[in-house]
Structures are given as structure tokens and as C-alpha cells.
Amino acid sequence: GFQGQSIVLLTPNVLAILMVPSLLFSERLMKRRETIPGLLLLAPVLCGLAVSFFKGDIFPGIIACVDWVIPLLYYFYLIEQIPRIHEAEAYFKAFVPLNLGVVGLYGVYQCFDVPAWDMDWVINVKLFTMADAGLFKVKPFSMLNSPGTCAAWVSTLILLSLHFRNGLSVVVLPAGLFFLALTQVRANLGAVVFGLAIAAFSGQKQIVKSLLVFVAVV
């Protein structure tokens, strides 16, 4: 059954600790211009932590701060590892299309024939409304926990597919875009359109070529 609190939820936070030594002893992190947006995002997080301390909400403040700091750790770690980015390219070119295919195709299937285990999740989750979605029995969430999280993930994969793609992308990209439309999450639909527009006007020739192929396939 659904549990609002579970020790398993600590897993991403524990794994993030592995990045801390590289960040603390990095000589190039603070020299990169990409670090500046991360520092600007870190400032309000620390400000919120200070406010929580002054209000006496020490433990809740720390928990909330950790939730915001962990993604920033990943961001800083990626910047610190930029010289090694080529080592991961082959893995991403395999992972992005495969993941988009699994999530997108299952999501389309879920829209029109909700599996029993998914319906049990919708009934028991109680954290947000996932039923009575108008066109469908439930708001589509594929294999993720919620419709919003799912739409954000599919949007990210679609934009990453402009670069990280293979032969499978010809099939999974239209399926992913179709599923994103079925989620009816307008913010993510708008984000994808905006991202594709930016790629068209400011991207490299390879990105523009990928975008043209993407539009042709859709």
C-alpha cells in the first residue's frame, strides 16, 4: 500500500553524498560560468533555511532545504564533470529513446485501458486527485507516481532526443509526443514547444537537422 513516509525515500539523498567530495575539492567548478545560475538558485534556498531557523522550525526547515539542495548538487556535479561528458554520450543515446518508448507506449495504453494495479494506486494514493480526468478514467501517469511528474519527465526526454537518439527514435518520438498531449498538462506542452523553438533558432546544425526530422516524423 501507499506510504507517505518511507526510509526508501532517502535513497537519492544518500547517493548524492557520493558527489560531495568531488565538489569540495574541485578546482574548476568555480571557474565555469555555468556555476553562476546554480549559486543564484542556492541563495534563496539558504535564505529559506535561515527563516525556518529563526521561526523555530529547525527540523522541517532542514528537510525542505535538503529537497532543494540535492538537485543543485546534481547540477554542480554535472558542471564539474563536463570534461568527461563524452564518456556518457553512448549510454544516453541508448537510454533516452528506450526510456521514452517504455514510458510513452505504456502511457498511451494506460489512457485507453487502465490496468488494475494502476487503478489501485489511483484509489489509494489520496495525495492528489488522479481520477475523473474528463476524457479518461484516470489522469495518465504511465509508470511514474503522478501525472505532473510524468509529463515533466516525458517533456525532458523529448527535448533530449534532439541530440541523444538512435533508430528507435523514429517510432518512440511520435509516441512520446502523443502521450504528452494525452496528459493534457499544458505547462509541459508549452515547455516542449518553447524548447523546440529555441533549438530551431539557436541550436547547432545537428540540432536543427534533428528538429526537422522530428517534425517530419510527427
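Being a predicted model, the structure only gives us computed values, none of them experimental.

Rules and cut-offs
- Residues numbered from 1 in each chain as written.
- Predicted model: local features only at pLDDT ≥ 70, side-chain atom pairs only at ≥ 80, totals over all residues.
- Heavy atoms only, no water.
- Helix = DSSP H or I, 4+ residues; strand = E, 2+ residues; numbered from the N terminus.
- Expected span 1.5 Å × (residues − 1).
- Buried < 20%, exposed > 50% of the residue type's maximum accessible area, 1.4 Å probe, protein only.
- Arc of directions from axis to C-beta.
- Contact = heavy atoms within 4.5 Å.
- Polar contact = N/O pair within 3.5 Å; in protein donor to acceptor, adjacent residues only side chain to side chain.
- Phe/Tyr/Trp six-rings, centres within 6.5 Å; stacked < 30°, edge-to-face > 60°.
- Axes fitted to C-alpha atoms, helices over the stretch in contact; angles between N-to-C directions.
- Parallel < 35°, antiparallel > 145°, perpendicular 65-115°, else oblique.
- Left-handed = near helix turned anticlockwise from the far one by under 90°.
- Nonpolar A, V, L, I, M, F, W, Y, C, P; charged D, E, K, R; others polar.
- Core = buried A, V, L, I, M, F, W, Y, C linked by side-chain atoms within 4.5 Å.

Asker: Kindly report on helix 3 (residues 35-55), identifying the contributing residues and their values.
Answerer: For helix 3, with 21 residues, the first-to-last C-alpha span of 31 Å sits near the 30 Å given by 1.5 Å per residue. For helix 3, the set of buried residues is T35, G38, V45, L49 and S52. Viewed end-on, helix 3 has its buried residues packed into an arc of 95°, placing them on one side of the element. Set apart from the buried face of helix 3 by more than 90 degrees, the exposed residues are L40, P44, F54 and K55. Packing partners of the buried residues in helix 3 comprise helix 4 (58-80). In the segment just after helix 3, G56 is the residue with positive phi, at about 90°.

Asker: Outline the side chain of S142, supporting the account with residue identities and numerical values.
Answerer: Note on placement: S142 falls in the loop between helix 6 (116-125) and helix 7 (147-160). Of note is the side chain of S142, whose polar atom sits 2.7 Å from the backbone oxygen of V103. Those residues in contact with S142 that sit more than four places away from it in its chain are V103, Y106, G107, Q110, C150 and F179.

Asker: Please provide a residue-by-residue account of the packing of aromatic side chains, values included.
Answerer: Under the defined criterion, the tally for this structure stands at three aromatic pairs. Considering the side-chain rings of F92 and F164, the 5.3 Å spacing of their centres and the 35° angle between planes classify their relative orientation as tilted. Of this pair, F92 sits in helix 5 (residues 86-112) while F164 sits in the loop between helix 7 and helix 8 (169-183), placing them 72 residues apart in sequence. Overall, F164 belongs to the buried group, its relative accessible area being 17%.

Asker: Kindly report on the environment of P97, identifying the contributing residues and their values.
Answerer: Mapped onto the secondary structure, P97 falls in helix 5. Under the relative-accessibility criterion, P97 is labelled buried at 0%. Between the C-alpha atoms of P97 and A199, which are 102 residues apart in sequence, the distance is 19 Å. Apart from the residues within four sequence positions on either side, P97 is in contact with F92, F164, R165, N166, L168, S169 and V172.

Asker: Summarise the packing of helix 7 against helix 8; cite the residues concerned and give the values.
Answerer: Interaxial distance between helix 7 and helix 8 falls to 10 Å at its minimum, and their mutual angle equals 150°. Classified by the angle their axes make, helix 7 and helix 8 are roughly antiparallel. Of the two possible hands of crossing, helix 7 and helix 8 adopt the one that is left-handed. Together, C150, A151, V154, S155 and I158 of helix 7 and L173, G176, L177, F179, L180 and T183 of helix 8 make up the contact between the two elements.

Asker: Can you tell me about the packing of helix 3 against helix 4, naming the residues and giving the values?
Answerer: It is at 9 Å that the axes of helix 3 and helix 4 come closest, and there the two elements cross at 170°. The angle between helix 3 and helix 4 falls in the class roughly antiparallel. Facing T35, P37, G38, L39, L41, L42, V45, L49, S52 and F53 of helix 3, the residues of helix 4 in contact are I58, G61, I62, C65, W68, V69, L72, Y75, F76 and I79. Grouping the amino acids of the contact of helix 3 with helix 4 by side-chain chemistry returns 16 nonpolar, four polar and no charged.

Asker: Talk me through the nonpolar core; I want residue IDs and the actual numbers.
Answerer: Formed by 25 residues in total, the largest nonpolar core has its most connected members in L100, V154 and I158. For this core, the secondary-structure elements that each account for two or more residues are helix 5, helix 7, helix 8, helix 9 (186-202) and helix 10 (205-217). With near-sequence residues (within four places) excluded, I158 lies in contact with L100, L173, G176, L177, L180, V192 and F214.

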